[in-house]
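Below are the chains, spelled out letter by letter.
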Amino acid sequence: MGLIDSLKKAFSKPYRTISVAQANELLASGATLIDVRSAQEWRTGRAPQAKHVPLDRLQVSQAGIPKTRPVIAVCASGVRSATAARLLAAKGYEAYSLRGGMAAWRHAGEPVR
């Protein structure tokens, strides 16, 4: 492996950031959606299919998230979900972060309960 390849690998993200439309495609094929926001944020509205796994809890446990399916992390704006996706990818998950978080989800007109 050459220097360029080593640098690319060192600086590449172990997860992908995806749009709401891409998230819906993955969800339709069986992906798991986890909401990593706080309990207070969760109560303000969430995607109906989301499982609540706050980021601080995810840092110590994967809370029964199956490794056999892709996992999409969502937060308020996309920052914490990127951290969650990085953590999950490091543990062997096929991980994604929803670009724009719940703000993007709502803006796209997706259901919130």
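Since this is a predicted model, take the numbers as computed values, not measurements. (Residues numbered from 1 in each chain as written. Predicted model: local features only at pLDDT ≥ 70, side-chain atom pairs only at ≥ 80, totals over all residues. Heavy atoms only, no water.)

Undergrad: Can you lay out the sheet that holds strand 4 (residues 71–74) for me, pointing to particular residues and giving the numbers?
TA: Spatially, five strands are ordered 1-5-4-2-3 in an open sheet, and the strand pairing comes out parallel. The sheet is open, and its two borders are formed by strand 1 (16–18) and strand 3 (51–52), each paired with just one other strand. Examined bridge by bridge, strand 1 and strand 5 (residues 95–98) share three bridges and lie parallel to one another. Looking across to strand 5, one finds that Thr17 is bridged to Ser97. Each of strand 2 (32–35), strand 4 and strand 5 touches helix 5 (residues 79–90); the most contacted strand, strand 5, lies at about 180° to it. (Pairing = 2+ DSSP bridges. Helix = DSSP H or I, 4+ residues; strand = E, 2+ residues; numbered from the N terminus. Contact = heavy atoms within 4.5 Å. Axes fitted to C-alpha atoms, helices over the stretch in contact; angles between N-to-C directions.)

Undergrad: Just give me the short version of the nonpolar core, but keep the residues and values in it.
TA: One finds Ile34, Val36, Leu58, Ile65 and Leu88 to be the most contacted residues of the largest nonpolar core, which totals 18 residues. By residue number, the principal contributor to this core is helix 5, which donates five residues. (Core = buried A, V, L, I, M, F, W, Y, C linked by side-chain atoms within 4.5 Å. Buried < 20%, exposed > 50% of the residue type's maximum accessible area, 1.4 Å probe, protein only.)

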